[in-house]
Amino acid sequence: IMTTVAQVLQEKVSIETSTISPTATVLEAITLMGNKGIGAVIVTNADKVVGILSERDYTRKIALMQRTSDHTTVAEIMTSQVLSVTRTHTVDECLALMTDKHIRHLPVIENDSLVGIVSIGDLVKATMEDQRKLIDQLQQYISG
């Protein structure tokens, strides 16, 4: 069973992808993340993905560098080298990329447009569902 990113996006409860401007303050970004219950926000400039800001970026670059959330812009602390995937990538490919690069969120981009985001939690959930289906199939096969 090869579940794709497209299938994972269909299963998500909230498919809305939160974005923020690079000129917004970090306080605005973490407020948005807190309100939406998300661990990362995609940074866009005129609909083009220019970065990603995660809780990790925040904790490492604000707290440790003794900056303040209301006087620092998203652009100053975001990760600008954004790794992304397309809808056709498989869950396994995404998990391998995340494990290799130590990241927890992957924007889904097609034709230069942001179409969604998948988190490590989304992918683990999809993997568990695939395994459950496989077990059901095997039990059906065994019991005839």
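Figured I'd write up the structure that's included with this text. Every chain begins its residue count from 1, and numbering advances along the sequence as written. Residue-level local features of this predicted model are given only where pLDDT is at least 70; pairs of side-chain atoms are given and counted only at 80 or more, and the full residue set underlies all totals for whole chains, interfaces and linings. Side-chain calculation: all heavy atoms of the structure are included, whereas hydrogens and water are not.

## Structural notes on the sheet that holds strand S2 (residues 40-45)
Phase 1 of the analysis: Sheet architecture is open: three strands sit in the order S1-S2-S3, paired in mixed fashion. The strands lining the two open edges of the sheet, one partner per strand, are strand S1 (19-20) and strand S3 (48-54).
Phase 2 of the analysis: Summarising the sheet, S2 and S3 pair through six bridges and their orientation is antiparallel. Bridging from a neighbouring strand, Val41 pairs with Leu53 of S3. Note on pairing: DSSP must find at least two bridges between two strands before they are called paired. Runs of H or I in DSSP of at least four residues are treated as helices and runs of E of at least two as strands, each being numbered from the N terminus.

## Some points on the pattern of salt bridges
Phase 1 of the analysis: Throughout this description, the term salt bridge denotes a Lys or Arg side-chain nitrogen within 4 Å of a carboxyl oxygen of Asp or Glu. The final tally for this structure, using the stated rule, is eight salt bridges.
Phase 2 of the analysis: Measuring nitrogen to oxygen at the nearest pair gives 2.6 Å for the salt bridge that ties Glu129 to Arg132. Of this pair, Glu129 and Arg132 both sit in helix H6 (residues 120-143), three residues apart, which is roughly one turn of the helix.
Phase 3 of the analysis: The partner of Asp136 in a salt bridge is Arg132, with the nearest N and O atoms 2.8 Å apart. Here Asp136 and its partner Arg132 are both found in helix H6, four residues apart, which amounts to about one turn of the helix.
Phase 4 of the analysis: Classification of Asp136 as partly exposed rests on a relative accessible area of 33%.
Phase 5 of the analysis: Arg132 gets classed as partly exposed once you look at its relative accessible area, which sits at 40%. Buried residues are those whose accessible area, probed at 1.4 Å on protein chains only, stays under 20% of the maximum for their type, while exposed residues exceed 50% and partly exposed ones sit between those limits.

## A closer look at the side chain of Asp57
Phase 1 of the analysis: Mapping Asp57 onto the fold places it in helix H3 (residues 55-63).
Phase 2 of the analysis: Side chain to side chain, Asp57 and Thr79 meet in a polar contact 2.9 Å long.
Phase 3 of the analysis: Non-local contacts of Asp57, meaning those with residues more than four positions away in its chain, are made with Ile52, Ile62, Ile77 and Thr79. Polar contacts here mean pairs of N or O atoms no more than 3.5 Å apart (in protein, one a potential hydrogen donor and the other a potential acceptor; neighbouring residues in sequence count only if both atoms are side-chain atoms). We call two residues in contact when some of their heavy atoms are within 4.5 Å.

## Structural notes on helix H2 (residues 26-36)
Phase 1 of the analysis: Among the residues making up H2, those that are buried are Val26, Ala29, Leu32 and Met33. What you see down the axis of H2 is that its buried residues fit within an arc of 125°, all on one side. Along H2, the residues that are exposed and aim more than 90 degrees away from the buried face are Gly34 and Asn35.
Phase 2 of the analysis: Among the residues trailing H2, Gly37 stands out with phi positive, at a value near 65°. Starting at the helix axis, one direction is taken to each C-beta atom, and the arc is that of these directions.

## With respect to the environment of Asp130
Phase 1 of the analysis: Structurally, the position occupied by Asp130 is in helix H6.
Phase 2 of the analysis: Asp130 sits 39 residues away from Val91 along the chain, and the two C-alpha atoms are 10 Å apart.
Phase 3 of the analysis: A distance of 2.6 Å separates polar atoms of two side chains, one belonging to Asp130 and the other to Thr3.

## Here's the deal with helix H5 (residues 91-101)
Phase 1 of the analysis: Restricting attention to buried positions, one finds in H5 the residues Val91, Cys94, Leu95 and Met98. Projected down its long axis, H5 shows its buried positions confined to an angular sector of 95°, all on one face.

## As for a nonpolar patch on the surface
Phase 1 of the analysis: A contiguous nonpolar patch, built from Leu134, Leu138, Tyr141 and Ile142 and spanning about 490 Å² of accessible area, is present on the exposed surface.
Phase 2 of the analysis: One can find Leu138 in helix H6.
Phase 3 of the analysis: Overall, the relative accessible area of 45% leaves Leu138 in the partly exposed class. Residues with no salt bridge and a relative accessible area higher than 30% make up the patches, which join like charges within 9 Å and nonpolar side chains (Val, Leu, Ile, Met, Phe, Trp, Tyr) within 5 Å. Method for areas: the Shrake-Rupley scheme with a 1.4 Å probe, in which residue coverage is limited to the protein chains shown.

## Comments concerning the pairing of strand S5 (residues 113-119)
Phase 1 of the analysis: Two strands pair when backbone bridges link them, and strand S4 (residues 105-110) and S5 are joined in this way by six bridges, in the antiparallel orientation. In the strand pairing of S5, Pro107 is matched with Ile117.
Phase 2 of the analysis: Between the end of S4 and the start of S5, which pair antiparallel, lie two residues, with Asn111 showing a positive phi angle near 50°.

So yeah, pure geometry; function would need other evidence.
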